[in-house]
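Given next are the chains, with one letter for each unit.
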Amino acid sequence: MFKTRITVRMSDCDGMRHVNNAVYYTYFEEGMREIARLFTPDLDLNDFHVIMASSHCDFLRQTTYRDQITVYSWIGAIAHSSFNVEHAVADEKRRWHARGRITLVQFDYRQEKAVPLSENMKRILLQHRQGPEGVPELRGCQHSLS
């Protein structure tokens, strides 16, 4: 599991004075940085190996300016060419603010097609399957890998 600490910026908030729903995907992207590094250690965009196929987010509690949050990111289901990255956002009191899932596909950008995950990469991903204790289940997300 990877942990990314973030201080909510004023620009993350909207007219309702809480973090705008779209910003949670930016938080998830920050949380995925170390997972992307498993495929491309230097994060060189000319040698990137994954692409997003789908995303889902449940909004559980409002997050506001200057909140200190942690994005927890871990690996969920793993399939032939794709895998799920699970996310949960919590504040300093360990109250859950958001829960998400993003499906990534190992991708060859030159050929513009999915490629199978190697057995070695699957083993590496399996080392990061443990999520945080007490994390809520996703609501209304029926997406499964095949």
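The following refers to the structure shown. Only a predicted model underlies this, so the values are computations on that prediction, with no experimental measurement involved.

## Here we look at the layout of surface pockets
For step 1, the next point in the chain: In this structure, the largest pocket occupies an estimated 320 Å³ of space.
For step 2, the next point in the chain: In terms of lining residues, the largest pocket is bounded by 14 residues, among which E29, M32, R33, A36 and F48 are the most central.
For step 3, the next point in the chain: At the level of secondary structure, the elements contributing two or more residues to the lining of the largest pocket comprise α1 (23-31), α2 (33-39) and β2 (50-59).
For step 4, the next point in the chain: A class-by-class count of the residues in the lining of the largest pocket yields 11 nonpolar, no polar and 3 charged.

## Notes on the packing of aromatic side chains
For step 1, the next point in the chain: This model, assessed by the stated rule, comprises 6 aromatic pairs.
For step 2, the next point in the chain: Taking the centre distance of 5.5 Å and the plane angle of 10° together, the rings of F39 and F83 count as stacked. Residue F39 is located in helix α2, and its partner F83 is located in strand β4 (residues 82-91); the two are separated by 44 residues in the primary sequence.
For step 3, the next point in the chain: Here Y72 and W96 contribute two aromatic rings whose centre-to-centre distance is 5.9 Å and whose plane-to-plane angle is 65°, an arrangement assigned as edge-to-face.

## Describing the pattern of salt bridges
For step 1, the next point in the chain: The final tally for this structure, using the stated rule, is 7 salt bridges.
For step 2, the next point in the chain: In this structure, E30 and R33 form a salt bridge, with 2.3 Å as the shortest nitrogen-oxygen distance.
For step 3, the next point in the chain: A salt bridge links R99 to E86; the shortest N-O distance between them is 2.9 Å. Of this pair, R99 sits in strand β5 (residues 96-108) while E86 is found in strand β4, placing the two residues 13 residues apart along the sequence.
For step 4, the next point in the chain: Each of E86, R99 and R101 takes part in a single network of salt bridges with overlapping partners.

## Digging into unusual backbone geometry
For step 1, the next point in the chain: Not every positive phi belongs to a glycine, and R66 is a case in point at roughly 75°.
For step 2, the next point in the chain: Topologically, R66 is positioned in the loop between β2 and β3 (68-78).
For step 3, the next point in the chain: Given a relative accessible area of 59%, R66 falls into the exposed group.
For step 4, the next point in the chain: Non-glycine residue R94 carries a positive phi angle of around 65°.
For step 5, the next point in the chain: Following the sequence through the fold, R94 ends up in the loop between β4 and β5.
For step 6, the next point in the chain: For R94, a relative accessible area of 37% corresponds to the partly exposed category.

## Section: the pairing of β4
For step 1, the next point in the chain: Counting buried residues along β4, 10 of its 10 residues qualify, which places the element largely inside the surrounding structure.
For step 2, the next point in the chain: Along β4, one buried face is formed by S82, N84, E86, A88 and A90 and the opposite face, lined by F83, V85, H87, V89 and D91, is buried too.
For step 3, the next point in the chain: Pairing between β3 and β4: 8 bridges, direction antiparallel. The residue of β4 that forms the bridge with I69 is D91.

Rules behind the numbers
Residues numbered from 1 in each chain as written. Predicted model: local features only at pLDDT ≥ 70, side-chain atom pairs only at ≥ 80, totals over all residues. Heavy atoms only, no water. 1 Å grid on protein atoms, 1.4 Å probe; cavity = no way out; pocket = protein on both sides within 12 Å on 5 of 7 lines; lining within 4 Å. Points joined across faces, edges and corners; volume = space filled by probe spheres on them. Helix = DSSP H or I, 4+ residues; strand = E, 2+ residues; numbered from the N terminus. Nonpolar A, V, L, I, M, F, W, Y, C, P; charged D, E, K, R; others polar. Phe/Tyr/Trp six-rings, centres within 6.5 Å; stacked < 30°, edge-to-face > 60°. Salt bridge = Lys/Arg side-chain N within 4 Å of Asp/Glu carboxyl O. Buried < 20%, exposed > 50% of the residue type's maximum accessible area, 1.4 Å probe, protein only. Pairing = 2+ DSSP bridges.

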